Each structure stands twice: as C-alpha cells, then as structure tokens.
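# Working through the structure, step by step
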Amino acid sequence: MKRAWAAVAMIAAAVILCILGLFTTNRNIASLTELIDKADSAISQGDSQQAAQYSAEIVELWNSHYRVLCTYISHEKLELIDQSIATLQTNLRFKEYNQFCTELDRASAQLAHLRDTEMPTLENIL
C-alpha cells in the first residue's frame, strides 16, 4: 500500500512540475513579447533611442529567462531565439532599422512557436 501512495505522490509531483513549467514558459514569453512589441512600435515611430532602451531590456530579460528555460526546454530551440535577440543592439548601433525590425519579428515568431510547441495539446503529444 505504501508503494501505491508513493507512486501517486510521484505522479502528483510530476504533474505539478509540468504545470509550473508551462506557466513559467507562458509568463516569460508574454513578458518578452510585450517588450518586443514596444520596441517595434518605437522604431516604427522613428524613436531609435527608445527602441535601443527596449532592446537592452529585451536582452537583459532574455538572459534572465534563458537560465530558467534551459533547465527544461531543448537548448536548440532556445538558441534560435538567442541569436535573434543578440543582434538587436548591433542593428540599432549601425542604424540598420530594417534588419532590427526583421530580427524583432523573427524573435517574436520563434517565441510564439516555442509557446505553441510546449503546450500539452494532443498534436504535440502524438
């Protein structure tokens, strides 16, 4: 009987950890996406200084989220996002605003894809 309770406790712990990981992923992606949208809006309005500030915030926030996400998400998925975010400040520094917008869009799409692939839906499970 003790083994059955131990098995139930282990399953419950696994389910709780999975749910916690899902909420953490969604929260982190939402905060990054919000900053990306703000940076995109700033550069669209011609405010490169505000875009640079948002870009720095994106890099800082990504670095803090990366440490958490890499504990349970494949590094390959995260590296693509990392590469896009890493080029943002360089693009602004050299006034390559079109490339900056492209990398913002790419990072946003990759974050959305990461969110979708980490959701426990039937198509992701099968």
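Notes on the structure follow. None of the values given here were measured: they were computed from a predicted structure.

## Considering unusual backbone geometry
- Even without a glycine there, the phi angle at K95 is positive, about 60 degrees.
- Along the chain, K95 falls in the loop between helix 4 (88-93) and helix 5 (97-118).

## Some details on a nonpolar patch on the surface
- On the surface, I11, V15, I19 and F23 cluster together into a nonpolar patch covering about 400 Å² of accessible area.
- Following the sequence through the fold, V15 ends up in helix 1 (residues 2-44).
- Judged by relative accessible area, which is 43%, V15 ranks as partly exposed.

## Points about the nonpolar core
- Within the largest apolar cluster, 25 residues are counted, with the highest numbers of intra-cluster contacts made by I58, W62, L78, I85, F100, L104 and L111.
- Elements with a minimum of two residues in this core: helix 1, helix 2 (48-69), helix 3 (75-86), helix 4 and helix 5.

## Details of the environment of Q89
- Looking at the secondary structure, you find Q89 in helix 4.
- Classification of Q89 as partly exposed rests on a relative accessible area of 31%.
- Once the C-alpha coordinates of Q89 and A52 are considered, the two residues, 37 residues apart in sequence, prove to be 6.7 Å apart.
- The residues contacting Q89, other than those within four sequence positions of it, are S55, A56 and V59.

## What about helix 2?
- Under the 1.5 Å per step criterion, the end-to-end length of helix 2 is 30 Å for 22 residues, consistent within 8% with the ideal 32 Å.
- What helix 2 keeps buried is the set A51, Y54, S55, I58, V59, W62, H65, Y66 and L69.
- Check the buried side of helix 2 and you find it contacts helix 1, helix 3, helix 4 and helix 5.

## As for helix 5
- Over its 22 residues, helix 5 extends 31 Å from the first C-alpha to the last, a length consistent with the 32 Å expected when each residue adds 1.5 Å.
- Considered for burial, the residues of helix 5 that qualify are F100, E103, L104, A107, Q110, L111 and L114. Looking straight down helix 5, one finds its buried side chains confined to an arc of 135 degrees; they lie on one side. Across from the buried face of helix 5, at angles greater than 90 degrees, the exposed residues are N98 and H113.
- Considering only its buried residues, helix 5 is in contact with helix 1, helix 2, helix 3 and helix 4.

## A word on the environment of H113
- In this fold, H113 is placed in helix 5.
- With 36 residues separating them in the primary sequence, H113 and K77 have C-alpha atoms 9.4 Å apart.

## Considerations on the pattern of salt bridges
- One pass over the structure, following the stated rule, counts four salt bridges.
- When the shortest N-O distance is used, the salt bridge between K38 and E34 registers 3.4 Å. Of the two residues, K38 and E34 both sit in helix 1, four residues apart, roughly one turn of that helix.
- A salt bridge links R106 to E103; its shortest N-O distance comes to 2.7 Å. Of this pair, R106 and E103 both sit in helix 5, three residues apart, which is roughly one turn of that helix.

Cut-off values and rules
Residues numbered from 1 in each chain as written. Predicted model: local features only at pLDDT ≥ 70, side-chain atom pairs only at ≥ 80, totals over all residues. Heavy atoms only, no water. Helix = DSSP H or I, 4+ residues; strand = E, 2+ residues; numbered from the N terminus. Patch = residues over 30% accessible without salt bridge, like charges linked within 9 Å, V, L, I, M, F, W, Y side chains within 5 Å. Areas by Shrake-Rupley, 256 points an atom, 1.4 Å probe, with all protein chains shown as cover. Salt bridge = Lys/Arg side-chain N within 4 Å of Asp/Glu carboxyl O. Buried < 20%, exposed > 50% of the residue type's maximum accessible area, 1.4 Å probe, protein only. Core = buried A, V, L, I, M, F, W, Y, C linked by side-chain atoms within 4.5 Å. Contact = heavy atoms within 4.5 Å. Expected span 1.5 Å × (residues − 1). Arc of directions from axis to C-beta.

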